[in-house]
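Remarks on the overall topology
What follows is each chain in one-letter form.
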Amino acid sequence: MPENQEAEINSELIKRVPPPWDLKGEGIILIYSFKMDWVEQEGNLPKGLRGKFRGGLGFVMLVDYTESPVGPYKELLIIPGKFGQPKKQAITRIYVDSEASTQNGRANWGIPKKTAPFTWEKSEGTDQISIFSEGKKVFSATIAHGGIPFPVTTSLIPIDLRQLWEKKSYLTQPKGTGWGKLAKIKGLDIDPVFFPDIREIRPLLAVKVNPFHIHFPQPTILDESI
């Protein structure tokens, strides 16, 4: 059986879980101010977003979902900033270690998820995360964190997504709350073919959030592009 045909059959066997979703877990948020040239050249932009970067804060997130409607899974994503008019954020690259999350993320919110294996090792004050492709480590990060916890909400760091997927726009505003501690990147290695190369860019802020809860509502779906 051809490999693409097998993948198609496997995707059809995955249960569709429509929104809304409520998820719990922990994660790391790296906040950036990416330059336009870097976003255009390195941000992994789909055709519909090229030339439409409008600035705003960028985010790299590493997430370990312990509870979701499709079970536990891990995630790495980048939101370079805002695009188009009105200005909306977009996830331009995202990996998860669950094919059920990949298929549902695409179908529910137009999020361009891809599936890849992760490892996530946790010790007191340190997280070590690695992501693999065909057995090769293509992303790894060591994050230290500590200090006094403080509340983190999407009221302070709003996420307002507009995702382009199969000639439709998906508008989604996730809402989340949690408790954060200041964090710092202690080590970072990236294969730029796999993920935008942020190694030479210093984040404005890094936060470890544990625990957190996030709600992904039913999106508004439009038959148009940005």
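Note that the coordinates shown come from a computational prediction; the quantities given were computed from them, not determined experimentally.

Working definition: an aromatic ring pair is given by the centre-to-centre distance plus the angle between the planes. By the definition in use, this model includes 9 aromatic pairs. Centre to centre, the rings of Tyr 65 and Phe 212 are 5.8 Å apart; their planes meet at 75 degrees, and the pair counts as edge-to-face. Placement of Tyr 65 in strand β2 (residues 58-67) and of Phe 212 in strand β14 (residues 205-216) is noted, with a sequence separation of 147 residues between them. You can call Tyr 65 buried: its relative accessible area is 5%. Every member of this aromatic cluster is reached through a ring pair, and the members are Trp 21, Trp 109 and Phe 216. The lysine or arginine in question, Lys 122, covers the ring of Trp 120, its NZ or CZ lying 5.6 Å from the ring centre.

A word on the environment of Gly 176. Summarising the element assignment, Gly 176 is placed in strand β13 (residues 175-190). As for Gly 176 and Pro 149, which are separated by 27 residues in sequence, their C-alpha atoms are 16 Å apart. In contact with Gly 176, not counting residues within four places along its chain, are Val 152, Thr 153, Thr 154, His 213 and Ile 214.

Now for the pairing of strand β11 (residues 161-165). Pairing of β11 with strand β12 (residues 168-172), which is carried by 5 bridges, proceeds in the antiparallel orientation. Looking across to β12, one finds that Leu 161 is bridged to Thr 172. What sits between the antiparallel neighbours β11 and β12 is a turn of 2 residues, in which Glu 166 has the positive phi angle 50 degrees.

With that settled, the discussion passes to the pattern of salt bridges. Here the idea is simple: oppositely charged side chains can pair when their charged atoms come close. Applying the stated criterion to the full structure yields 10 salt bridges. The partner of Lys 122 in a salt bridge is Glu 26, and the shortest N-O contact between them spans 3.2 Å. Remark: Glu 26 occurs in strand β1 (residues 21-32) and Lys 122 occurs in strand β8 (residues 118-123); sequence separation between them is 96 residues. What makes Lys 122 partly exposed here is its relative accessible area of 41%. Asp 160 is the partner of Lys 88 in a salt bridge, and the nearest nitrogen-oxygen pair spans 3.1 Å. Highlighted residues: Lys 88 in strand β5 (residues 88-89) and Asp 160 in the loop between β10 (136-153) and β11, separated in sequence by 72 residues. The buried category is assigned to Lys 88, whose relative accessible area is 16%. One connected set of salt bridges, linked through shared partners, spans Glu 26, Asp 64, Lys 122, Asp 127 and Lys 208.

Moving on: the side chain of Asn 104. Its place among the elements puts Asn 104 in helix α3 (residues 99-109). Among all residues touching Asn 104, those that are not within four sequence positions of it are Ile 14, Lys 15, Arg 16, Val 17, Trp 21, Val 70 and Trp 109.

The subject of this paragraph is the nonpolar core. Soluble, globular proteins show a tendency: their nonpolar side chains are buried together. Counting 31 residues, the largest nonpolar core has Val 60, Leu 62, Leu 76, Phe 139, Phe 194 and Phe 195 as the members making the most contacts within it. Secondary-structure elements contributing two or more residues to this core are β1, α2 (36-42), β2, β3 (73-79), β8, β9 (126-133), β10 and β13. When residues in this core are grouped by element, the largest group, 4 residues, is from β10. In contact with Leu 76, other than residues within four places in its own chain, are Val 60, Met 61, Leu 62, Arg 93, Ile 94, Tyr 95, Phe 118, Ile 131, Phe 139, Phe 194 and Phe 195. Grouped together as the second largest cluster of nonpolar side chains are 25 residues, Ile 29, Ile 91, Ile 159 and Phe 216 included.

In this structure, Pro 20 follows Pro 19 across a cis peptide bond, with omega equal to 10 degrees. Mapped onto the elements of the fold, Pro 20 is located in the loop between α1 (3-13) and β1. The peptide bond linking Asn 210 to Pro 211 adopts the cis configuration, its omega dihedral lying at 0 degrees. Inspection of the secondary structure assignment puts Pro 211 in strand β14. Even without being glycine, Glu 166 reaches a positive phi, approximately 50 degrees. On the secondary structure map, Glu 166 appears in the loop between β11 and β12. If you check the backbone angles, Lys 167 has positive phi at about 65 degrees while not being a glycine. In this fold, Lys 167 is placed in the loop between β11 and β12. Residue classification places Lys 167 among the exposed positions, given a relative accessible area of 79%.

Conventions adopted
- Residues numbered from 1 in each chain as written.
- Predicted model: local features only at pLDDT ≥ 70, side-chain atom pairs only at ≥ 80, totals over all residues.
- Heavy atoms only, no water.
- Phe/Tyr/Trp six-rings, centres within 6.5 Å; stacked < 30°, edge-to-face > 60°.
- Helix = DSSP H or I, 4+ residues; strand = E, 2+ residues; numbered from the N terminus.
- Buried < 20%, exposed > 50% of the residue type's maximum accessible area, 1.4 Å probe, protein only.
- Lys NZ or Arg CZ within 6 Å of the ring centre and 35° of its normal.
- Contact = heavy atoms within 4.5 Å.
- Pairing = 2+ DSSP bridges.
- Salt bridge = Lys/Arg side-chain N within 4 Å of Asp/Glu carboxyl O.
- Core = buried A, V, L, I, M, F, W, Y, C linked by side-chain atoms within 4.5 Å.

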